[in-house]
Amino acid sequence: MKCKVTNKSINPFMSFGKMPIANGFLDEKDFSNEFFFNMEVGFNEELSLFQLNDHPKPEKMFNKNYPFFTGSSEYMKRHFRNYAEFVKKYLKTNSRIIEIGSNDGTFLKNFDNSENYIVGVEPSKNVADLALKNNIPTINEFFNTNNAKKLKKFIGNTDLICASNVICHVPDLNNLIEAVDLLLNKDGIFVFEEPYLGSMFEKVSYDQIYDEHIFIFSASSISKIFAKFNFFLIDAIPQITHGGSMRYVLKRFKNSENENLKKILNYENEKNLNKIDSCLKFKKNCELSRDNILNKIKTFKDKGKTICGYAATSKSTTILNYCNIGTNYIDFICDTTKEKIGKFSPGKHIPIKDMNYFQNNMSDCIYLFAWNHKEEIFNKEKNFKGEWFSHVSL
Ligand code: TMP
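Parameters at a glance
- For every chain, the first residue of the written sequence is number 1, and numbering continues from 1 along that sequence.
- For this predicted model, a pLDDT threshold of at least 70 governs which residues receive local features, and a threshold of 80 or more governs which side-chain atom pairs are given and counted, while totals over whole chains, interfaces and linings are taken from all residues.
- Only hydrogens and water are set aside; all other atoms, that is, all heavy atoms of the structure, feed into the side-chain values.
- By the convention used here, strands pair only if DSSP detects at least 2 bridges between them.
- Strands here mean DSSP runs of E at least two residues long; helices mean DSSP runs of H or I at least four residues long; both are numbered from the N terminus.
- Contact definition: two residues touch when any of their heavy atoms are within 4.5 Å.
- Comment: axis = line fitted to C-alpha atoms, over the contacting stretch for helices; angle = value between 0 and 180 degrees taken between N-to-C directions.
- Residues grouped as a nonpolar core are buried Ala, Val, Leu, Ile, Met, Phe, Trp, Tyr and Cys residues, joined through side-chain atoms within 4.5 Å.
- When a residue's accessible area, from a 1.4 Å probe over protein chains only, is under 20% of the maximum for its type it is buried; when over 50% it is exposed; and in between it is partly exposed.
- Near residues are defined by distance, with any heavy atom within 4 Å of the molecule or strand qualifying the residue.
- Two N or O atoms form a polar contact when they lie within 3.5 Å of each other; inside protein one atom must be a possible hydrogen donor and the other a possible acceptor, and for residues adjacent in sequence the pair counts only when both atoms belong to side chains.
- Every accessible area reported is derived by Shrake-Rupley at a probe size of 1.4 Å, with residue values counting cover from the shown protein chains alone.
- Residues are grouped as follows: Ala, Val, Leu, Ile, Met, Phe, Trp, Tyr, Cys and Pro are nonpolar; Asp, Glu, Lys and Arg are charged; all remaining types, including Gly, are polar.

Caption draft 1: Layout of the sheet that holds strand β16 (residues 387-389). Strand order in the open sheet formed by five strands is β14-β13-β12-β15-β16, and the pairing between neighbours is parallel. Of all the strands in the sheet, the pair left with one neighbour each is β14 (352-353) and β16. Helix α9 (residues 276-302) contacts β12 (307-310), β15 (365-368) and β16 of the sheet and is inclined by roughly 160 degrees relative to β16.

Rendered as structure tokens:
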């Protein structure tokens, strides 16, 4: 599928090669039917937008088996509590709040349902069911103009629409923004947070790029995309989640220039985030990063060391497949998610093991795939005396 923001096609500047579904952890019997696509990225200069060229149909990624539960990380629960506190300043009494991609309801749980009217819209059935079990009203569908019309009839206009790590997943951004426009009050607020292009370029964390992340936004791209729909970016607040994200606040009018936003837009100008040049530099950095990590792993192997992976993240699919790292280098990847344990990693088919297996089969070196959770993990794994490593600095 092509990503639709403008009718102009983009010129890919880089290919990461043949890529499977990032969260497509699979059984051995399914190896021969595994789905792959050519993962190319391009830059839309008109909108300063970094994006995938082509991507699998969303139904292939967000279905009854989506293996990510927001509530499984204590850190993310804390983050969503703070995020809810942040947006509460925009609420009135009896506000209507919608979350797009509400997952298991971890964010919406922070709002009092008797004071506000809350609704989550979540396409993946397993996580939507868990939210319903936790008494979070949830519609198990993709958010779009069709269900926005139905929702409007049901609850009327909305004061606040929120999302996190979701808008970058939506191929038809035009339809999503039209749906937001349809539902939001005249003075309503749309707030969302997404992985930030500036952080990805700085850290060379190319593993942010995978099938689900169709767009990697910056404040410049968000401002330009939403301007087409008469929305203004009124604030942008950096977040440390997902290895560097940005929280965007949008409204139909702006009151005054926001100093914080000005600073971020200046930074993006200085770093050329509005130009293809920064992408070409990123491409070179990715190639360098791949050479470096392969050299590191080969050196470990030459010294007879064993290596395992820590956390079977969606991001790890990009690393393993782009760098061609399989069971020749990494014996297993440990993870806490029961939906992944016992399966194999997408594309490279490295076995996923539970944490007991990890403790009983200690490796000499650990590739930390969840590098964005390093504090939490280092804290838990103080007993490990070997070497942690990753393609980003730890
Ligand atoms: P994600 O980066 O695609 O969201 O996946 C995070 C994965 O990391 C998820 O499968 C759970 C796993 N994980 C652990 O196994 N142990 C941990 O301590 C943390 C923080 C995450």
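So much for the structure itself; the text now carries on.
Caption draft 2: Inspection of the nonpolar core at higher detail. In this structure, F16, F50, I100, F190, F217, Y248 and I330 are the most contacted members of the largest nonpolar core, which totals 84 residues. Counting residues per element, this core draws most heavily on α9, which supplies seven residues. Residues contacting I100, with those up to four places away along its chain left out, are V121, F143, I161, C162, A163, V166, I167, L176, V180 and F190. If you look at the next biggest cluster of nonpolar residues, it comprises 21 residues, including M76, L91, F107 and I237.

Caption draft 3: Seen up close, the site of the ligand. Around the ligand there are 14 residues in total, and S314, D335, T337, K340 and K380 lie nearest to it. Within the side chain of K340, one N or O atom sits 2.7 Å away from an oxygen atom of the ligand. One of the side-chain N or O atoms of K380 is found 2.4 Å from an oxygen atom in the ligand. With the chains in place, 90% of the 490 Å² that the ligand exposes on its own is no longer accessible. Secondary-structure elements contributing two or more residues to the shell around the ligand are α10 (314-322) and α12 (374-380). Residues that form the shell around the ligand fall into these classes: five nonpolar, five polar and four charged.

Caption draft 4: The sheet that holds strand β1 (residues 12-20), seen in detail. In spatial order, the strands read β1-β2-β3-β9; together these four strands make up an open sheet with antiparallel pairing. Sheet topology places β1 and β9 (215-216) at the edges, where each strand pairs with a single neighbour. Summarising the sheet, strand β2 (residues 36-44) and strand β3 (residues 49-52) pair through four bridges and their orientation is antiparallel. Bridge assignment links V41 to a residue of β3, and that residue is L52. α10 rests against β1 and β2 of the sheet, and its axis sits at about 100 degrees to β1.

The values reported here are purely geometric and, on their own, carry no functional implication.
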